[in-house]
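Okay, here's what each chain looks like letter by letter:
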Amino acid sequence: MRIEAAELRILELPLRFRFETSFGVQTRRTILLLRLFGEGLEGLGEGVMERLPLYREETVASARYLLEEVFLPRVLGQDLPNPEALAQALSPFRGNPMAKAVLEMAFFDLWAKGLAKPLWQVLGGVRNRVEVGVSLGIQPSVAETLKAVEKHLEEGYRRIKLKIKPGWDYEVLKAVRQAFPEATLTADANSAYRLADAPRLKRLDELGLDYLEQPLGHEDLLDHAKLARELSTPICLDESLTSPEKARKAIELGAGRVFNVKPARMGGHGPSLKVHALAESAGIPLWMGGMLEAGVGRAHNLHLATLPGFTKPGDVSSARRYWEEDIVEEDLSAQEGLMPVPEGPGIGVHLKLPLVERLTLWQRYMSAS
Ligand code: OSB
Ligand code: MG
């Protein structure tokens, strides 16, 4: 597949809810959107980095710089037979998996379209619907948390994940557990605790959480392994999993018994397939995370989540929860906690170009030579 041209945009899309986590409050998303053109086809990629490095270290600005100045100039005009060839072209450059993922995932879409196959088939998926739950931000009160949990359970979501932080953890989780004794419940701390908080986290063991997501540092593996030995609640890693290499070390150390996979955090679909294989041989269940993606990122996540290792409900909930109007034509929405995977070649979604135009803050078109 020859990459003939690329269009990179930064868009801003207001969220329908205020999303509070231990690292801050989000009210809108700033989205890096890439359209890759080749052989009469178009591949789409969406970045998950934010303006500020509060979740991981990459930012919209750092990714835009690398894509514009380094990664796209490397591949424009090149005839790349497959995604491994693209990975090879980017391999001299260290780190920056989120920036690489924008290009890698757009190329996967373009390549699958060249093969006239849906992306899930190219990746090795085994189903056309994905089991999902919701990730609920920190609410103003316990009463509002209970209301939000009830609403989403009624909508059929199969797991409720609550964001926690020191001072907003045991009490709110206990209230939810008492009100919903049968619900599948998890908690996500987004790196807000230290190993010294182990006694406080130990209190969560009585609440029957399915897992506790990323309690410790965003790069950490060793302290998670130590904490894992103190808790009966399984630890799930999110932030720390930025590559297959980190996943291998996490497995060897026993840093997590569950993995949250986000292809856009780990360099794209290729690295995610490697993590999927490692997790399978280690008996680690996977689930598909989310980063408040718009339609392009959400579609990519759905395709990857059809692989057999994704055995727990993911965070990929209905697009209409997040946006008044999504940037794609297709309505990505769950029925009874199941998200259908978009049909057609590649990721199977189409941009609403007039809306994308209106939301665009910056754009650059680049072509080969
Ligand atoms: O830690 O999983 C996370 C959103 C932004 C950044 C990090 C995370 C999240 C979520 C939301 O939990 C998941 C979603 O609804 O997309
Ligand atoms: Mg998380």
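Refer to the structure presented above.
It should be emphasised that the depicted structure is a prediction, and the values quoted were computed from it without experimental measurement. (Residues numbered from 1 in each chain as written. Chains lettered and ligands numbered in written order. Predicted model: local features only at pLDDT ≥ 70, side-chain atom pairs only at ≥ 80, totals over all residues. Heavy atoms only, no water.)

A. The arrangement of the overall build of the chain in detail. When helices and strands are tallied, the chain shows 13 helices and 13 strands. For the chain, whose C-alpha radius of gyration is 20 Å, the value lies close to the compact-globule estimate of 21 Å for 369 residues. Overall size of the chain, expressed as C-alpha extent along the three principal axes, is 60 × 40 × 35 Å. Each of the 369 residues in the chain was classed as buried or not, and the buried ones make up 61%. Once local pairs closer than 6 in sequence are excluded, the contacts in the chain between residues at least 24 apart make up 73%. Across the chain, the centroid of the 46 positively charged side chains sits 3 Å from that of the 50 negatively charged ones. (Helix = DSSP H or I, 4+ residues; strand = E, 2+ residues; numbered from the N terminus. Rg over C-alpha atoms; globule rule 2.2 N^0.38 Å. Buried < 20%, exposed > 50% of the residue type's maximum accessible area, 1.4 Å probe, protein only. Contact = heavy atoms within 4.5 Å. Lys, Arg positive; Asp, Glu negative; His and termini not counted. Charge placed at Lys NZ, Arg CZ, Asp CG, Glu CD.)

B. View of the coordination of the magnesium ion (ligand 2). For the magnesium ion (ligand 2), the full set of protein donor atoms is Asp 188 (OD), Glu 213 (OE) and Asp 238 (OD), at a range of 2.1 to 2.3 Å. One chain supplies every donor for the magnesium ion (ligand 2), spaced along it as D-x24-E-x24-D. One end of the pair, Asp 188, is in strand β7 (residues 185-188); the other, Glu 213, is in strand β8 (residues 212-213), and 25 residues separate them in sequence. Summarising the burial analysis for this pair, Asp 188 and Glu 213 share the class buried. (Donors = N, O, S within 2.8 Å, 3.2 Å for Na, K, Ca; no water.)

C. Broad picture of helix α8 (residues 222-230). Looking only at α8, the buried set comprises His 224, Ala 225 and Leu 227. Down the axis of α8, the sector holding all buried residues measures 165 degrees, keeping them to one side. (Arc of directions from axis to C-beta.)

D. Geometry of the pairing of strand β2 (residues 24-38). Most of β2 sits inside the fold, with 11 of its 15 residues counted as buried. Relative to β2, strand β1 (residues 5-21) is paired through 13 bridges, and the arrangement is antiparallel. Note on β2: the bridge partner recorded for Arg 9 is Leu 33. With antiparallel pairing between neighbouring strands as the criterion, β1 and β2 make up a hairpin whose turn holds two residues. (Pairing = 2+ DSSP bridges.)

E. Examining the packing of aromatic side chains more closely. By the definition in use, this model includes eight aromatic pairs. With centroids separated by 6.0 Å and ring planes inclined at 85 degrees, the aromatic side chains of Phe 108 and Trp 111 adopt a geometry described as edge-to-face. Of the two residues, Phe 108 and Trp 111 both sit in helix α3 (residues 97-114), three residues apart, roughly one turn of that helix. Taken together, the aromatic side chains of Phe 17, Phe 19, Tyr 322 and Trp 323 make up a single cluster linked through ring pairs. Positioned above the aromatic ring of Tyr 170 is the side chain of Arg 203, whose terminal nitrogen or guanidinium carbon lies 3.9 Å from the ring centre. (Phe/Tyr/Trp six-rings, centres within 6.5 Å; stacked < 30°, edge-to-face > 60°. Lys NZ or Arg CZ within 6 Å of the ring centre and 35° of its normal.)

F. Representation of the packing of helix α1 (residues 60-75) against α3. Look at α1 against α3: their axes get within 10 Å of each other, and the N-to-C directions meet at 45 degrees. Considering the angle they form, α1 stands oblique to α3. Crossing of α1 over α3 shows right-handed handedness. On α3, the residues touching Ala 63, Leu 66, Leu 67, Phe 71, Leu 72 and Val 75 of α1 are Ala 99, Lys 100, Val 102 and Leu 103. Looking at the contact of α1 with α3 residue by residue, the class counts come to nine nonpolar, no polar and one charged. (Axes fitted to C-alpha atoms, helices over the stretch in contact; angles between N-to-C directions. Parallel < 35°, antiparallel > 145°, perpendicular 65-115°, else oblique. Left-handed = near helix turned anticlockwise from the far one by under 90°. Nonpolar A, V, L, I, M, F, W, Y, C, P; charged D, E, K, R; others polar.)

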